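# Residue-level structure breakdown
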Amino acid sequence: MRAYIWTLPTRIFHWLLAIYVLLLFLTSEEERLLDIHAAVGYGAGVLVLFRLIWGFVGPKYSRFSDWPLSLSEAKEFMFSLLAPKKSYPAHNPAAAFVMLGILLTTLIVVLSGILTYGIQEGRGVLAFLHSEFFKKMEVFEEVHELFAEFLLVLIGIHIAGVAVDFVLHKNEKTYSSMITGYKNIDAADARLNVSQKTVAAIFLSLAIIIPLTAPSSQTLSGSVFEEEEYEEHSLFKKECGSCHTLYPPFLLPSKSWREIMADLENHFGDDASLDEETRASIESFLISNSAENSTKEAAVYILSSLKEPVIAITQTPYWKEKHSKFDESIFKSDKITSRANCKACHKRVEKGLIEDNEISVPEA
């Protein structure tokens, strides 16, 4: 007895999703890999969309209507694992519920990830939502991480189920059916028609092409952030840029800028005094572009981290946390020389751009 249960598109979906989920978790902790993480996430989203559609238009056994999604049946199956009372050609009741959970959870992870990417980073297909929801960016990120962790739990249950099935029902070869498509069971073969082949070819091709052609997901829709060209303010560029990096105003709150501009005679150990007209013009520029008036991710986090005003970006709790992993020798190296030398690692900081994928730390 041998039956063809899982057709090629279903098997390709299964292994592609496994690969994408693995890549997503491997790239989730490295900010410099964020664009790759997002691109793979779009591919996973296409896969899940395909599988949901496939569940209604796909071949026998792949359709949701063929899945034994019954709680009473699942309970009966679990209590008779050693001697099943009924044979299931495709998913057994327990596997059916777990697989449905994996599909729905992956969908939530992908959607919350796209929302987070658009709202927090101002990128991707939902970048237009950034300006309206940027203050809630942490909520979307927390939802994304919560369901990502739950997905890991479901995947663990799925793998454990395969292992149990291998031990208890080895002869059916369920464990190898996602490779060969066949199970040792008395059942009708699954078959694909032309329409099903067309649908599968389109979606699976897109699921592969998107991550390969969009290693930076900016290419999918661009970013809401353009180079802000802070140096275009002539007085700011002339008076501040002549001595140090042009620090983007959104990296400090307005209260800090007022304090700095009120005591230019003692400007970090130097006398940076200006005539009143010039001083007032620069102060107005800094305040109008300060953290309170910016939608940038760094501005939001800097504001939320401050309990009292500081006059140096390197004194903010957010800056300290983000740079805590670097040894002191890095900042004292010839290529950086100071914690205040942001431009050494963030090449476009003077244009108001502090991009995760553009961080380049010189070797000590």
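Residues numbered from 1 in each chain as written. Predicted model: local features only at pLDDT ≥ 70, side-chain atom pairs only at ≥ 80, totals over all residues. Heavy atoms only, no water.

What follows covers the side chain of Ser-177. Note that Ser-177 resides in helix H7 (residues 177-180). Each residue touching Ser-177, except ones within four places of it in the same chain, is listed here: Trp-6, Arg-11, Tyr-182 and Lys-183. (Helix = DSSP H or I, 4+ residues; strand = E, 2+ residues; numbered from the N terminus. Contact = heavy atoms within 4.5 Å.)

Attention now goes to a negative patch on the surface. Negative charge collects at one region of the surface, where Glu-29, Glu-138, Glu-142, Glu-145 and Glu-149 lie side by side. Secondary-structure assignment places Glu-142 in helix H6 (residues 137-168). (Patch = residues over 30% accessible without salt bridge, like charges linked within 9 Å, V, L, I, M, F, W, Y side chains within 5 Å. Areas by Shrake-Rupley, 256 points an atom, 1.4 Å probe, with all protein chains shown as cover. Salt bridge = Lys/Arg side-chain N within 4 Å of Asp/Glu carboxyl O. Lys, Arg positive; Asp, Glu negative; His and termini not counted. Charge placed at Lys NZ, Arg CZ, Asp CG, Glu CD.)

The next subject is the pattern of salt bridges. One pass over the full model with this rule turns up eight salt bridges. Close ionic contact of Glu-73 with Lys-86 constitutes a salt bridge, the shortest N to O distance being 3.2 Å. Of this pair, Glu-73 sits in helix H3 (residues 71-78) while Lys-86 sits in the loop between H3 and helix H4 (93-121), placing them 13 residues apart in sequence. Glu-73 sits in the buried class, given a relative accessible area of 19%. In this structure, a network of salt bridges that share partners links the residues Glu-276, Arg-279 and Glu-283. (Buried < 20%, exposed > 50% of the residue type's maximum accessible area, 1.4 Å probe, protein only.)

With that out of the way, let us pick up a nonpolar patch on the surface. A cluster of nonpolar side chains, namely Leu-82, Val-162, Val-164, Phe-166, Val-167, Leu-168 and Tyr-175, defines an oily patch on the protein surface of about 610 Å² accessible area. By the element assignment, Val-167 lies in helix H6.

This brings us to the layout of surface pockets. Here the second largest pocket is characterised by a volume of approximately 1200 Å³. Residue lining of the second largest pocket: 46 residues in total, with Ala-95, Met-99, His-158, Gly-161 and Val-162 positioned closest to the centre. Every element with two or more residues in the lining of the second largest pocket is listed here: helix H1 (8-27), H3, H4, H6 and H7. Sorting elements by how many residues they give to the lining of the second largest pocket places H6 first, with eleven residues. Considered class by class, the residues forming the lining of the second largest pocket number 31 nonpolar, ten polar and five charged. (1 Å grid on protein atoms, 1.4 Å probe; cavity = no way out; pocket = protein on both sides within 12 Å on 5 of 7 lines; lining within 4 Å. Points joined across faces, edges and corners; volume = space filled by probe spheres on them. Nonpolar A, V, L, I, M, F, W, Y, C, P; charged D, E, K, R; others polar.)

Structurally, the α-helix is built with 3.6 residues per turn, so residues lying three or four positions apart point the same way. Taking 1.5 Å per residue, 13 residues should reach 18 Å; helix H12 (residues 276-288) reaches 18 Å between its end C-alpha atoms and fits that length. Among all positions in H12, only Thr-278, Arg-279, Ile-282, Glu-283, Phe-285, Leu-286 and Ile-287 are buried. The secondary structure elements touched by the buried residues of H12 are helix H10 (234-241) and helix H11 (254-262). (Expected span 1.5 Å × (residues − 1).)

Here we come to the packing of aromatic side chains. For the structure on display, the rule yields 13 aromatic pairs. Ring geometry for Phe-133 and Phe-140: centres 6.5 Å apart, planes at 80°, overall edge-to-face. On the basis of relative accessibility, which here comes to 30%, the residue Phe-133 falls in the partly exposed class. Measuring from ring centre to ring centre gives 5.6 Å for Tyr-301 and Tyr-318, while their planes differ by 40°; the resulting arrangement is tilted. Within this pair, whereas Tyr-301 is found in helix H13 (residues 297-305), its partner Tyr-318 is found in helix H14 (residues 317-322), the two being separated by 17 residues in sequence. The ring centre of Phe-13 lies 5.9 Å from the NZ or CZ of Arg-51, which sits over that ring. One cation-aromatic arrangement involves Arg-339 over Phe-331; the distance from NZ or CZ to the ring centre is 4.3 Å. (Phe/Tyr/Trp six-rings, centres within 6.5 Å; stacked < 30°, edge-to-face > 60°. Lys NZ or Arg CZ within 6 Å of the ring centre and 35° of its normal.)

Before going further, it helps to examine the confidence of the model for the protein chain. Within the protein chain, residue pLDDT values average 88, and 95% of them lie at 70 or more. Mean pLDDT across the secondary structure elements of the protein chain bottoms out at helix H9 (residues 218-221), with 48, and peaks at H1, with 96. (pLDDT = per-residue confidence, 0-100.)

One broad trend across soluble globular proteins is that nonpolar side chains are buried collectively. Met-137, Phe-236, Leu-251, Leu-252, Ile-282, Leu-286 and Ile-313 are the most contacted members of the largest nonpolar core, which totals 32 residues. Mapped onto this core, the elements with two or more residues apiece are H10, H11, H12, H13 and H14. A per-element tally of this core places H13 first, with five residues. Here Ile-282 is in contact with His-233, Leu-235, Phe-236, Glu-239, Cys-240, Met-261 and Leu-274, once residues within four sequence places are set aside. Membership of the second largest hydrophobic core comes to 31 residues, among which are Leu-16, Ala-38, Val-46 and Ile-114. (Core = buried A, V, L, I, M, F, W, Y, C linked by side-chain atoms within 4.5 Å.)

This part takes up the environment of Lys-335. Within the secondary structure, Lys-335 sits in the segment after helix H15 (328-332). With a relative accessible area of 57%, Lys-335 lands in the exposed category. For the pair Lys-335 and Cys-345, spaced ten residues apart in sequence, the C-alpha to C-alpha distance is 9.6 Å. The residues touching Lys-335, leaving out its near neighbours within four places in the chain, are Asn-341, Ala-344, Pro-362 and Glu-363.

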